[in-house]
Amino acid sequence: MSLDQWHHIGSIALLCTGLYIVISRDNLVKKMMGLNIFQVAVIFFYVTMGKVTGGTAPIIPADAHGHEVLYSNPIPHVLMLTAIVVGVATTALGLSLIVRIQEAYGTAEEDEIVRLDLEEIG
Amino acid sequence: MIQSNMPALIIVTPMLVAPILVFVRHRIVARVLAIATAWWCFYLAVSMAGVAQDTPIAYDMGGWEAPLGIAYTVDAFSSLLLLIVSGIASVVLPFGPGSALLAIPEGKNNLFYASFLMCMAGLMGIAITGDLFNVFVFLEISSLASYTLIAMGKSRRALMAAFSYLVMGTIGGTFTLLGIGMVYQLTGTLNMADIAQRLPDVIDSPATRVALALIVVGGSIKLAVFPLHQWLPNAYTYAPSAVSAFLAATGTKVSYYVIVRGIFTLFGVSFVFGTLHLERLLVPLALLAMFVGSTAAIFQTDLKRLLAYSSIAQIGYMVLGLAMANQAGLTGGIVHLANHAVIKGGLFLVVACITYRMHTSKIDELGGLAQRMPLTAAAWLVGGLGMIGVPTTAGFISKWYLVMGAIDRGWYGIAFAILLSSLLAVVYVWRVVEVFYFREASDKSNLEAPADMLVPTWFLIAMTIVFGLYTPWSAGLASKAAALLLAAS
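Quick caveat: nothing in here was measured; it's all calculated off a predicted structure.

Quick notes on the rules
- Residues numbered from 1 in each chain as written.
- Chains lettered and ligands numbered in written order.
- Predicted model: local features only at pLDDT ≥ 70, side-chain atom pairs only at ≥ 80, totals over all residues.
- Heavy atoms only, no water.
- Helix = DSSP H or I, 4+ residues; strand = E, 2+ residues; numbered from the N terminus.
- Buried < 20%, exposed > 50% of the residue type's maximum accessible area, 1.4 Å probe, protein only.
- Contact = heavy atoms within 4.5 Å.
- Buried area = accessible area lost by both parts, 1.4 Å probe.
- Salt bridge = Lys/Arg side-chain N within 4 Å of Asp/Glu carboxyl O.
- Polar contact = N/O pair within 3.5 Å; in protein donor to acceptor, adjacent residues only side chain to side chain.
- Nonpolar A, V, L, I, M, F, W, Y, C, P; charged D, E, K, R; others polar.
- Axes fitted to C-alpha atoms, helices over the stretch in contact; angles between N-to-C directions.
- Parallel < 35°, antiparallel > 145°, perpendicular 65-115°, else oblique.
- Left-handed = near helix turned anticlockwise from the far one by under 90°.
- 1 Å grid on protein atoms, 1.4 Å probe; cavity = no way out; pocket = protein on both sides within 12 Å on 5 of 7 lines; lining within 4 Å.
- Points joined across faces, edges and corners; volume = space filled by probe spheres on them.
- Patch = residues over 30% accessible without salt bridge, like charges linked within 9 Å, V, L, I, M, F, W, Y side chains within 5 Å.
- Areas by Shrake-Rupley, 256 points an atom, 1.4 Å probe, with all protein chains shown as cover.

### Some points on the overall build of chain A
Assigned secondary structure in chain A consists of four helices and zero strands. Listed N to C, the secondary structure of chain A is α-α-α-α in terms of helices and strands. For the C-alpha atoms alone, the extent of chain A along its principal axes is close to 75 × 35 × 15 Å. Counting over 122 residues, chain A shows a buried share of 35%.

### Here's the deal with the interface of chain A and chain B
How big an interface is tends to be stated in terms of accessible area lost as the parts join. Contacts between the two partners involve 38 residues from chain A and, on the opposite side, 28 residues from chain B. The junction of chain A with chain B conceals about 3100 Å² of combined surface from both sides, 78% of it contributed by carbon and sulfur atoms. If you look at where chain A meets chain B, you find one salt bridge. Note that D117 of chain A and R157 of chain B form a salt bridge whose closest N and O atoms lie 3.4 Å from each other. On the surface where chain A and chain B come into contact, there are five residue pairs in polar contact (both at pLDDT 80 or more). At the level of secondary structure, the elements contributing two or more residues to the side of chain A that touches chain B comprise α1 (6-24), α2 (28-49), α3 (75-105) and α4 (110-121) of chain A. For the side of chain A that touches chain B, the leading source of residues is α3 of chain A, giving 17 residues. For the side of chain A that touches chain B, the class distribution of residues is 27 nonpolar, six polar and five charged.

### What to know about the packing of α1 of chain A against α2 of chain A
All names here are of chain A. One way to put it is that α1 packs onto α2 with a least axis distance of 7 Å and a crossing angle of 165°. Considering the angle they form, α1 stands roughly antiparallel to α2. Every pair of crossing elements has a handedness; the one defined by α1 and α2 is left-handed. Contacts between α1 and α2 involve W6, H7, H8, G10, S11, L14, L15, G18, L19, I21, V22 and I23 from the former and K30, K31, G34, L35, I37, F38, V40, A41, V42, F44, F45 and T48 from the latter. Residues belonging to the contact of α1 with α2 are distributed by class as follows: 15 nonpolar, seven polar and two charged.

### With respect to empty space enclosed by the protein
Residues and elements named next belong to chain B. Throughout the structure, instances matching the rule amount to five cavities of 30 Å³ or more. Looking at the largest cavity, its volume works out to about 150 Å³. The wall of the largest cavity is formed by 17 residues, among which L123, S146, Y165, G251 and S255 lie closest to the centre. Residue classes in the lining of the largest cavity are distributed as ten nonpolar, six polar and one charged. In terms of lining residues, the second largest cavity is bounded by I126, L132, V135, T176, I180, M192, I215, Y257, V258, R261, G262 and L266. For the lining of the second largest cavity, the secondary-structure elements that each account for two or more residues are α6 (132-151), α7 (157-187) and α11 (241-267). No other element matches α11, which puts five residues into the lining of the second largest cavity. Among the residues forming the lining of the second largest cavity, the class breakdown is nine nonpolar, two polar and one charged.

### Examining a nonpolar patch on the surface
All names here are of chain B. Taken together, the side chains of F42, V46, V466, L469, Y470 and W473 present a nonpolar region at the surface, about 540 Å² in accessible area. Of all the secondary structure elements, the ones that give two or more residues to the nonpolar patch are α2 (27-52) and α20 (451-469). As for its position among the elements, Y470 is in the loop between α20 and α21 (472-488). A relative accessible area of 48% means that Y470 is categorised as partly exposed.

Rendered as structure tokens:
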């Protein structure tokens, strides 16, 4: 394992952290946070993918006049703009569901909710 | 003008109508607008299927050509999906004044229709796009809309079901996104046709395997392949009935499409089944799904939950079909996708009729239903026969192809397992039929569902017979799709 792939290791570490939080926490808000970290890991993966060593921002300067300009690949960044929007939408929807769950059950702890559901069945 | 832009219109129309609906407070106007949109999409799907089943339609979004712009491609497989999604939506939206609306506060119906159309647009988008990143975007559009739809259920458990689905769905979607990222890094393109050409050069790279694993696992979570099915029973049970009917018929089917496209079009059969032997994983899981799902269905006390577990079993059949990777097997998997959509959509509508009148879907409280709701009970019987796979019903056609596929592969034990698991379906369907027909109702007054619920229900139920006898639009299209998928890889 060479260190020039540190960014992959970083994103996988984030990915696992997020997934672990989603699985291990009972509090729904914490689950949402875990899910966010999980998504950020993939965003991190894409953004680092676009980097070209020595490359600048992908804007051709006015004085380039046909010179070759080495620039980073902008496509993964653009893709991630969409993914971030998706992530924001998911978080917003998830949090508003949690608000409704809190109103309906009086708690946002998953084990409590499971217990209340079981009591309802009797 | 309309003719040449059909692939764009079928996606753009519901997407434009949905935000308009948010501002249309009038109940009937909103409803008519939504139904009209669904029918318009179905019309477009039918017109495209006529052409696309023989020659795929290629369309460049906004006039930008493929590597730069986003290409839409409609071939036999995608047109089948478009037909199913828009067709089921066209039947479910006009369904009754009741079930869909009961669960939602008066005056908010327009939001239901808006979410419904967004969900439909997302599902059709997945089927039509030729761009891998677009698949992810549409997947999330349809998922976000379906979480909203499920949360509209009457019981407070609908909220928790929607939340669990949101967590699972997002994990699945994010896995898919990571897989897509790796494919992009390997090939430098997101256009599916280009990826299919370039992937063979890097097929030995470990990253290719990881990408395949991520896409298949991500898709399997959304498809609810056993043992990743945990979100499904609650989501289908607590969602409003019309939503269960729509999602059960279309939501998982589109995930199946993603997996099949990934395996056959992008990575290729020779790599996935020849080198990696993915069937050694998929076949046991499919068999487990068939038996565990059906057995669980037998022990359910709630009709909707019974249908949800039966869906898990039916997904097993579809996965089995794709794992066979031969003409008959893949045709069986794909045609079962269509047939199951019709059968399960119909049966969920039957349950919607029952809950509308009886205010319960508990099987024990529905004794003698045939005396009170004769047409609804008869619809369960016919749909149930389709689910079992009795000859002259749609279910028989799919199982016939699946058994043929298994025999072609020399998997005789699996051919036998398909028949054996059908017997389990007999048990759970017949258990309900027995309650409906052979028990005395305490109150015998007629409670038949209103005509605007019965007509859509019986329409889908009748289609299970039609697709059992007349198959060019189901098995015909599926077999063309399978041939195309197998030829490409």
